[in-house]
Each structure stands twice: as structure tokens, then as C-alpha cells.
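# Results of the structural survey
Residues per chain are reported as follows:
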Amino acid sequence: MKRPAVSIAGVRLDLGAGRRGTDMGPSAVRLAGLHEALRDAGFEDVEDLGDIDGPGAETADPGEPHARFLVPISATCRRGARRVRGILGAGRVPVVIGGDHSLAAGSISGVAAHHRRAGGRVGVIWVDAPRHMKKPQTYGAGNAPR
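Residues numbered from 1 in each chain as written. Predicted model: local features only at pLDDT ≥ 70, side-chain atom pairs only at ≥ 80, totals over all residues. Heavy atoms only, no water.

## Concerning unusual backbone geometry
Short version of the rule: Each helix corresponds to a stretch of at least 4 residues labelled H or I by DSSP, and each strand to a stretch of at least 2 residues labelled E; elements are numbered beginning at the N terminus.
A positive phi is found at F69, a non-glycine position, where the angle reads about 60°. With respect to the secondary-structure elements, F69 resides in the loop between β2 (46-53) and α3 (70-89).

And the structure:
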């Protein structure tokens, strides 16, 4: 059975994390052998689209204390969602890599938008001990727990 074509998209972001450095996640995953692992698993057509760069905390306005960096995180996630929609629109499977949990908002919304346009539905099973998928009103820390 032939495996589907895969497109890797990195998202360099650490504004939603409790500590700096998670923006290096895409590089770390690539260096750990992502391309080779996908090919070893039988995915013959693997392309790497590079990274979407989020702003650094030193230059971004943190905004509200209960929704820190909401504006720049949202902008980065919108760019990620467009990338995911483009990948799916090309008939490929997106593999989104990063280190900051907040990039999931763009990944999930991109997949949902693609399938909504096609008349389909998407379900998400979220397995993550710190429970990051919350609203600012229900999670007071403003970002990931430390």
C-alpha cells in the first residue's frame, strides 16, 4: 500500500510556553531524524516547507496578563492554519512540528477549515497532561504552567 505524500511545516514559537527555547523544537525534531523516520515508515514523498517564525518575547507586546501574547500567538497560528490548509488542498498530509503547545490552535483550525469546505467534519482527541486547551477566563496563568 502506498503511503500518502507528506509535507512538514515547522512553527518556531515560544510565546505560549512557560519558558524560553521551545521555538527550537522544529530544529530539534529535524535533527533527531524526522525525515529519515518518515521515509523508514514508508512515506516516499516527504517535502519540508521550512518554518513559520513567530516573534520573540523581547519584541512582542505581552498584552493582557491573563492572555499573555494573545495577539502575536494568534497571528502566528493564523499563518500556520493557512499553511495547513494549503498542504491539505494539495492532497498532502501535514506534519506540523514545534515546541510550543499553542501552535495547535493553527494546526487544528487549518484542518477543520479544509474539511468544513469539503462538507466534512473533524474530531480532536487531545492528550496532554497540563490541559493547555483552555480559555483565558478559565486558566489564570496566561500561558503554560511552570
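## Focus: α3
We apply this condition: To estimate the expected span of a helix, count its residues, drop one, and scale the result by 1.5 Å. The buried label goes to any residue with under 20% of its type's maximum accessible area, the exposed label to any with over 50%, and the partly exposed label to all in between, with areas taken from a 1.4 Å probe on protein chains only.
Here α3 contains 20 residues, and its C-alpha end-to-end distance of 28 Å stays within 8% of the 28 Å for a straight helix at 1.5 Å per residue. Of all the residues in α3, the buried ones are P72, I73, T76, C77, G80, A81, V84, I87 and L88. G91 sits one or two residues past α3 and shows a positive phi near 80°.

## Examining the nonpolar core
To be explicit about the condition: Among buried residues, the Ala, Val, Leu, Ile, Met, Phe, Trp, Tyr and Cys ones that are joined through side-chain atoms within 4.5 Å form a nonpolar core.
If you look at the biggest cluster of nonpolar residues, it comprises 8 residues: V11, L13, L15, A60, F69, I73, C77 and L103. By size, the runner-up hydrophobic cluster in this structure holds 7 residues, among which are I8, L34, V46 and I97.

## Considering the side chain of H35
The condition that has to hold: Here a polar contact means two N or O atoms within 3.5 Å. Within protein one must be a hydrogen donor candidate and the other an acceptor candidate, and residues neighboring in sequence count only if both atoms are side-chain atoms.
Tracing the backbone through its elements, the reader meets H35 in helix α2 (residues 34-40). Within polar-contact distance, the side chain of H35 engages the side chain of D48 at 2.9 Å.

## Observations concerning the packing of α3 against helix α4 (residues 104-117)
Heads up, the rule is: Axis definition: a line fit to C-alpha positions, over the contact stretch in the case of helices; interaxial angles, taken between N-to-C directions, run 0 to 180 degrees. What sets the label is the angle itself: under 35 degrees gives roughly parallel, over 145 gives roughly antiparallel, 65 to 115 gives roughly perpendicular, and the rest give oblique. When the near helix sits turned anticlockwise from the far one by under a right angle, the crossing is termed left-handed; a clockwise turn instead gives a right-handed crossing. Whether two residues are in contact is decided by their heavy atoms, any of which lying within 4.5 Å being enough. Classification used: nonpolar for Ala, Val, Leu, Ile, Met, Phe, Trp, Tyr, Cys and Pro, charged for Asp, Glu, Lys and Arg, polar for all others including Gly.
Running from N to C, α3 and α4 point in directions that differ by 45°, and their axes come no closer than 7 Å. Classified by the interaxial angle, the pair formed by α3 and α4 is oblique. In terms of crossing hand, the pair formed by α3 and α4 is right-handed. Here C77, G80, A81, V84, R85, L88 and G89 of α3 come into contact with α4, specifically with A105, G106, S107, S109, G110, V111, A113, H114 and R117. Classifying every residue of the contact of α3 with α4 by side-chain character gives 7 nonpolar, 7 polar and 2 charged.

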